[in-house]
Amino acid sequence: KIVEVRTAQAAEFSVGESVEVALASRSMGMQSVMWAYVMPFVVMCIALVVSRVAGINDGLAVLVTLASVAIYYVLLFAMRNRLEKTINFIILKQTK
């Protein structure tokens, strides 16, 4: 995967050099996990409960639930530029 890392020390790195890319802080990692795994699970649970309370049969409730998670990921993809600005990476020379 190609990750763009903006750094003032860009001149210290050369093309093809082994480097390590990491999140700038642990909280950014937790934020990424929340957006990628926790929120879709919450959306799925809410959609399933609402579908069942509305009296929708099991098969259709499952389809509504899957569609709601799909819509969530489409929205997340649409917001990728905004989210990209909140998650910062750092680049380190890899030591052998």
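This text follows the structure it describes.
Just so it is clear, the structure is predicted and the values come from calculations on it, not from any experiment.

(A) Local environment of the packing of aromatic side chains. Applying the stated criterion across every chain, the model contains 1 aromatic pair. Over the ring of Phe77 we find Arg80; its NZ or CZ atom is 4.0 Å from the centre of that ring.

(B) Highlighting the side chain of Ser51. Tracing the backbone through its elements, the reader meets Ser51 in helix 1 (residues 26-53). Those residues in contact with Ser51 that sit more than four places away from it in its chain are Ile56, Ala61 and Val64.

(C) How the structure looks around the pattern of salt bridges. All chains considered together, the criterion is met by 2 salt bridges. Between Glu17 and Lys93 there is a salt bridge whose closest N-O contact spans 2.7 Å. Note that Glu17 is positioned in the segment before strand 1 (19-23) and Lys93 in strand 2 (residues 89-93), a separation of 76 residues in sequence. In this structure Lys93 comes out as partly exposed when scored by relative accessible area, which is 40%. When the shortest N-O distance is used, the salt bridge between Arg52 and Asp58 registers 3.0 Å.

(D) Representation of the side chain of Ser68 in the model. Residue placement: Ser68 occurs in helix 2 (residues 58-78). Here Ser68 is in contact with Val43 and Ala47, once residues within four sequence places are set aside.

(E) Region of the structure containing the layout of surface pockets. Of the volumes computed, that of the largest pocket is approximately 640 Å³. Lining the largest pocket are 17 residues, and of these Arg80, Leu83, Glu84, Ile87 and Phe89 lie nearest its centre. Every element with two or more residues in the lining of the largest pocket is listed here: helix 1 and helix 3 (80-86). The dominant element in the lining of the largest pocket, judged by the number of residues it contributes, is helix 3, at 4 residues. Its residues assigned to classes, the lining of the largest pocket comprises 9 nonpolar, 2 polar and 6 charged.

(F) Quick peek at the packing of helix 1 against helix 2. Here helix 1 crosses helix 2 at 145 degrees, and the two axes come no closer than 9 Å. In this structure, helix 1 crosses over helix 2, and the sense of that crossing is right-handed. For the pair formed by helix 1 and helix 2, the contact residues are Trp35, Ala36, Met39, Pro40, Val43, Met44, Ala47, Leu48, Ser51 and Arg52 on the first element and Asp58, Ala61, Val64, Thr65, Ser68, Val69, Tyr72, Tyr73 and Leu76 on the second. The residue inventory of the contact of helix 1 with helix 2, partitioned by class, reads 14 nonpolar, 3 polar and 2 charged.

(G) Region of the structure containing helix 1. Here helix 1 is 28 residues long and its end C-alpha atoms lie 39 Å apart, about the 40 Å a rise of 1.5 Å per residue gives. The inward-facing, buried residues of helix 1 contact strand 1, helix 2 and helix 3. Just beyond helix 1, the residue with positive phi is Gly55, at close to 85 degrees.

The rules we used
- Counting from 1, residues in each chain are numbered in the order their sequence is written.
- Selection of residues for local features in this predicted model requires a pLDDT of at least 70, selection of side-chain atom pairs for listing and counting requires 80 or more, and totals for whole chains, interfaces and linings are taken over all residues.
- Computation of side-chain values covers all heavy atoms of the structure but excludes hydrogens and water.
- Pairing of aromatic rings covers Phe, Tyr and Trp, the last through its six-membered ring, and needs centres within 6.5 Å; plane angles under 30 degrees mean stacked, over 60 mean edge-to-face, and all others mean tilted.
- Definition used: whenever NZ (Lys) or CZ (Arg) falls within 6 Å of the ring centre and also within 35 degrees of the ring normal, the charge is taken to sit over that ring.
- Numbering of helices and strands starts at the N terminus; helices are DSSP runs of H or I of at least 4 residues and strands are runs of E of at least 2.
- Between two residues, a contact is recorded if the distance between any of their heavy atoms is within 4.5 Å.
- Salt bridge, as applied in this entry: a Lys or Arg side-chain nitrogen positioned within 4 Å of an Asp or Glu carboxyl oxygen.
- Exposed residues in this analysis have more than 50% of their type's maximum accessible area, buried residues have under 20%, and partly exposed residues fall in between, with area computed by a 1.4 Å probe over protein chains only.
- The distinction between a cavity and a pocket rests on a 1 Å grid over the protein atoms alone: a 1.4 Å probe fits inside a cavity but cannot get out, while a pocket stays open yet meets protein on both sides within 12 Å along at least five of seven lines, and a residue with an atom within 4 Å of a point counts as lining.
- Grid points are joined across faces, edges and corners, and a volume is the space filled by probe spheres set on the points.
- In this classification, the charged set is Asp, Glu, Lys and Arg, the nonpolar set is Ala, Val, Leu, Ile, Met, Phe, Trp, Tyr, Cys and Pro, and all remaining amino acids, among them Gly, are polar.
- Lines fitted to C-alpha atoms define the axes, with helix axes restricted to the stretch in contact, and inter-axis angles between N-to-C directions lie between 0 and 180 degrees.
- By convention the crossing between two helices is left-handed if the near helix lies anticlockwise of the far one by an angle smaller than a right angle, and right-handed if it lies clockwise.
- How far a helix is expected to stretch is found by multiplying one less than its residue total by 1.5 Å.

Functional significance is not addressed by these values, which are geometric in nature.
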